[in-house]
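Here are the chains, one letter per residue:
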Amino acid sequence: QSQLQSLASFRRWAILTSSMAARAEHIKHSSREQPDAPATLVFTPEEIETLILWRRKAAPNARQPCKPGEVPTLAEATRWVAEIGGYMKSRNAPPPGTVTIMRGLEYLENLVQGRLLQIQLSRDKLD
């Protein structure tokens, strides 16, 4: 299904996919074991800042627990990543699972890269 032609390409794809799945599992378990820990435990500063900005744009009428520059809890950041991945938050919903976290991480990576590119382009214009 991956449409990769060579065994070497397939191996590289499998390594990348399995490492992303391992990270999603780590985030899921960490957020359940230590929900009040700072998100910096498993997320980079760039990911956290991008999540906060995404949250402000995606849900402008929702209560915003964090401002840019602040650090959300691990449970909050994990839920935001899962929401990016399609998690539907409701009172009866179970905690986010590996699949929605992994989907969210893939999308978050694109958001982070786009944001960093925008910052770099803005700096280049000033020079």
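None of the values given here were measured: they were computed from a predicted structure.

**Notes on the nonpolar core**
- Membership of the largest hydrophobic core comes to 21 residues, with the highest contact counts inside it found for Ile27, Phe43, Leu51, Val81, Ile101 and Leu105.
- Breaking this core down by element, the ones donating at least two residues are helix 1 (7-33), helix 2 (45-58), helix 3 (74-84) and helix 4 (98-126).
- The dominant element in this core, judged by the number of residues it contributes, is helix 3, at six residues.

**Section: a nonpolar patch on the surface**
- Together, Leu4, Leu7, Phe10 and Trp13 make up a nonpolar patch on the protein surface, roughly 380 Å² of accessible area in all.
- By secondary structure assignment, the location of Trp13 is in helix 1.
- Residue classification places Trp13 among the partly exposed positions, given a relative accessible area of 40%.

**A word on the packing of aromatic side chains**
- Within the structure shown, the criterion is met by one aromatic pair.
- Geometrically, the ring pair formed by Phe10 and Trp13 is tilted, given 5.4 Å between the ring centres and 35° between the ring planes. Separated by three residues within a single helix, Phe10 and Trp13 lie in helix 1, roughly one turn from each other.

**Thoughts on the confidence of the model for the protein chain**
- Taken over all residues, the pLDDT of the protein chain has a mean of 90, while the share at 70 or more is 97%.
- Taken element by element, the protein chain is modelled with least confidence in helix 1, mean pLDDT 91, and with most confidence in helix 3, mean pLDDT 95.

**Here we look at the environment of Thr50**
- Position of Thr50 relative to the elements: it lies in helix 2.
- Judged by its relative accessible area of 5%, Thr50 falls in the buried class.
- C-alpha separation for the pair Thr50 and Thr78, spaced 28 residues apart in sequence, amounts to 13 Å.
- Setting aside its immediate chain neighbours within four residues, Thr50 contacts Leu108, Leu111, Val112 and Arg115.
- Looking at Thr50, its side chain comes within polar contact range of the main-chain oxygen of Glu46, at 2.8 Å.

**Considering helix 3**
- Within helix 3, nine of the eleven residues are buried, which leaves it mostly tucked inside the rest of the structure.
- Considering only its buried residues, helix 3 is in contact with helix 1, helix 2 and helix 4.
- Two residues or fewer past helix 3, Gly86 is found with a positive phi of approximately 110°.

**Considering the pattern of salt bridges**
- The final tally for this structure, using the stated rule, is four salt bridges.
- Residue Arg23 pairs with Glu47 through a salt bridge whose shortest N-O separation is 2.8 Å. Here Arg23, found in helix 1, pairs with Glu47, found in helix 2; they are 24 residues apart in sequence, far enough to count as distant.
- For Lys28, the salt bridge is made with Glu25, and the minimal N-O distance between the two is 3.3 Å.

About the criteria used
- Residues numbered from 1 in each chain as written.
- Predicted model: local features only at pLDDT ≥ 70, side-chain atom pairs only at ≥ 80, totals over all residues.
- Heavy atoms only, no water.
- Core = buried A, V, L, I, M, F, W, Y, C linked by side-chain atoms within 4.5 Å.
- Buried < 20%, exposed > 50% of the residue type's maximum accessible area, 1.4 Å probe, protein only.
- Helix = DSSP H or I, 4+ residues; strand = E, 2+ residues; numbered from the N terminus.
- Patch = residues over 30% accessible without salt bridge, like charges linked within 9 Å, V, L, I, M, F, W, Y side chains within 5 Å.
- Areas by Shrake-Rupley, 256 points an atom, 1.4 Å probe, with all protein chains shown as cover.
- Salt bridge = Lys/Arg side-chain N within 4 Å of Asp/Glu carboxyl O.
- Phe/Tyr/Trp six-rings, centres within 6.5 Å; stacked < 30°, edge-to-face > 60°.
- pLDDT = per-residue confidence, 0-100.
- Contact = heavy atoms within 4.5 Å.
- Polar contact = N/O pair within 3.5 Å; in protein donor to acceptor, adjacent residues only side chain to side chain.

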